[in-house]
Amino acid sequence: MVVGAGAGAGVEVPALGGAPLVGSLFELKSDSLGTYLRARQEHGDVVRIVAGPPGLRAELYCVFSAEGAQQVLASESANFRKDNPFYQEIRDSFGNGLLTSQDEDYLRQRRLVQPLFTRRRVDGYAEAVAAETEAVVSAWERAPGGVVDVSGQMMHLALRTVARILFGTDVEATVDVVDRCFPVITEYVLRRGYSPTNIPRSWPTPANKRAAAAMDELYAVCDEIIAERRTRPAGEAGEDLLALLAAAKSADDAEFDVTELRDQVLVFLLAGHETTATSLGFALHLLARHPEEQERAREEIGRVLGDRTPEAADLERLPYLTQVLKETMRLYPAAPVIGRNAVAATEVDGHAIPAGANVILAPWVTHRHPLHWPDPERFDPERFTPEAEAGRPRYAWFPFGGGPRACIGQHFSMLESVIALAMILRAYEFEAVDTEVPVSAGITLRAEGPVRCRVRRLDR
């Protein structure tokens, strides 16, 4: 329920205790995910967290319930916008693409992009996913000591896959640049996005210069590929996603200009590889720690696929493997924190949220809410049988967001993840080397260090 900006409906939001001068600033910097978990455990489903010294203080209104998440993302989504400093830093670095645009820009972009992400169109990418996965499967035979860092390897696989789908034969021209430039830019975005104050990007500091150089290199390779693609004769542009984006037109003949094309490409590169890589890497980590579940998934894969290459239709034929991925995304959501800004004062779960408030949703916390997830830290793919899913609120699990801004690529992410995981598990048995993996919240969830598994080839 949205109320007037000056309304005082709803009870006051309880505050998490912190240090006298800086509140929870250092807790959030050192362990934001743990801080959000503690806030819910101590104060319930709506909690206010104060961080920073007087004059530079930020107030975060954290919403942890499934019902609150549904209100923010779906039923009252127009009242909660991507207007916070973090999204602005992403815009300034990766462009105003589908992830960050708003209002008419967003609606126009969504209308142009939506036809390229229909189920039928996305299913056509299965062959590219399988080809890139086969290259990884073959390369692991030469892993030193039979140990691989599944986090780093899945990042490489997902990047090559999305680059191949975006650029077709121009994969090699982009992968090295993205590999080199993305970490520099994302660290820069994180540092500025969470800082209470920032100097202008134009000032020639070492950090600004490093980020600007990385952005220039990344933009240049995208612009070069786009320019070459637009000079191709009609009928020779190809069927990769960039060609389809360049040719996309809405019902009123609107299309992307060159800058908008680059913005979409950058957002797809960002969102299209880090999120899927997170799910795949942690799925292998969890299965390596749970041999019974690993063997059950492998038995299903062998029974359904035999020796043939998986295809899009196999998603429905591999329900247990899909449950494994969903449970992985519950425990390790690629977007562990989602920020919004409240336009007007409103109530969430009976608590008053003022106009202008920074609102935080945390799938990391909601996915562990004891009301919907008994023994929440336990890995249990049986939580995602159809019967179990039907008994929970829609937003008890929302790794792809929800409402009108739900991730447009969620079917592609599931397609890629199921095919890749099926091929990898059919080829290798996994044993965890790193049983505990610290994580942190960046633009996406990040493993703080390697996620090593010992692998043993099965099909040779």
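A brief look at the structure comes next. (Residues numbered from 1 in each chain as written. Predicted model: local features only at pLDDT ≥ 70, side-chain atom pairs only at ≥ 80, totals over all residues. Heavy atoms only, no water.)

What follows deals with the layout of surface pockets. Roughly 570 Å³ of volume is contained in the second largest pocket. Taken together, 25 residues make up the lining of the second largest pocket; nearest its centre are Arg119, Thr322, Lys326, Trp397 and Met414. Secondary-structure elements contributing two or more residues to the lining of the second largest pocket are helix H5 (119-123), helix H13 (319-331) and helix H16 (410-427). If one sorts the elements of the lining of the second largest pocket by residue count, H16 sits on top with four residues. For the lining of the second largest pocket, the class distribution of residues is 13 nonpolar, five polar and seven charged. (1 Å grid on protein atoms, 1.4 Å probe; cavity = no way out; pocket = protein on both sides within 12 Å on 5 of 7 lines; lining within 4 Å. Points joined across faces, edges and corners; volume = space filled by probe spheres on them. Helix = DSSP H or I, 4+ residues; strand = E, 2+ residues; numbered from the N terminus. Nonpolar A, V, L, I, M, F, W, Y, C, P; charged D, E, K, R; others polar.)

What follows concerns the packing of helix H3 (residues 85-94) against helix H9 (residues 206-230). Packing of H3 against H9 leaves a shortest axis separation of 10 Å and a crossing angle of 55°. As far as their axial angle goes, H9 and H3 are oblique. Where H3 approaches H9, its residues Asp92, Ser93 and Phe94 are matched on the opposing element by Met215, Leu218 and Tyr219. Residues that form the contact of H3 with H9 fall into these classes: four nonpolar, one polar and one charged. (Axes fitted to C-alpha atoms, helices over the stretch in contact; angles between N-to-C directions. Parallel < 35°, antiparallel > 145°, perpendicular 65-115°, else oblique. Contact = heavy atoms within 4.5 Å.)

All right, on to the pairing of strand S9 (residues 428-432) then. Only one face of S9 is buried: it carries Tyr428, Phe430 and Ala432, and the other face, with Glu429 and Glu431, is open. Pairing of S9 with strand S12 (residues 452-457) involves five bridges; the strand directions are antiparallel. Within S12, the residue paired with Phe430 across the bridge is Val455. (Buried < 20%, exposed > 50% of the residue type's maximum accessible area, 1.4 Å probe, protein only. Pairing = 2+ DSSP bridges.)

Mapped onto the elements of the fold, Ser93 is located in helix H3. A relative accessible area of 0% places Ser93 in the buried class. Taking the C-alpha atoms as reference, Ser93 lies 9.9 Å from Ala214; in sequence the two are 121 residues apart. For Ser93, the contacting residues outside a window of four places in its chain are Ile185, Tyr188, Val189, Arg201, Met215 and Tyr219.

This next bit is on the sheet that holds strand S4 (residues 147-149). Taken in spatial order, the three strands line up as S4-S12-S9 in an open sheet, and their pairing is antiparallel. Of all the strands in the sheet, the pair left with one neighbour each is S4 and S9. Strand-to-strand twist across the sheet, computed as the mean angle between neighbouring axes with direction ignored, equals 40°. Alignment of S4 against S12, held across three bridges, turns out to be antiparallel. Opposite Val147, over in S12, you have Arg454 as the bridge partner. Strands in contact with H16 are S9 and S12; relative to S9, the strand with the most contacts, it is inclined by about 90°.

Under the counting rule described, the total for this entry stands at 28 salt bridges. As a salt-bridge pair, Arg298 and Glu295 come within 3.1 Å of each other at their nearest N and O atoms. Linking Arg298 with Glu295, this pair stays in helix H12 (residues 291-305), spanning three residues, or about one helical turn. Among the residues examined, Arg298 registers a relative accessible area of 11% and is labelled buried. Notably, a salt bridge pairs Glu311 with Arg317, separated by 3.8 Å at the nearest N-O pair. The class for Glu311 is partly exposed, based on a relative accessible area of 39%. (Salt bridge = Lys/Arg side-chain N within 4 Å of Asp/Glu carboxyl O.)

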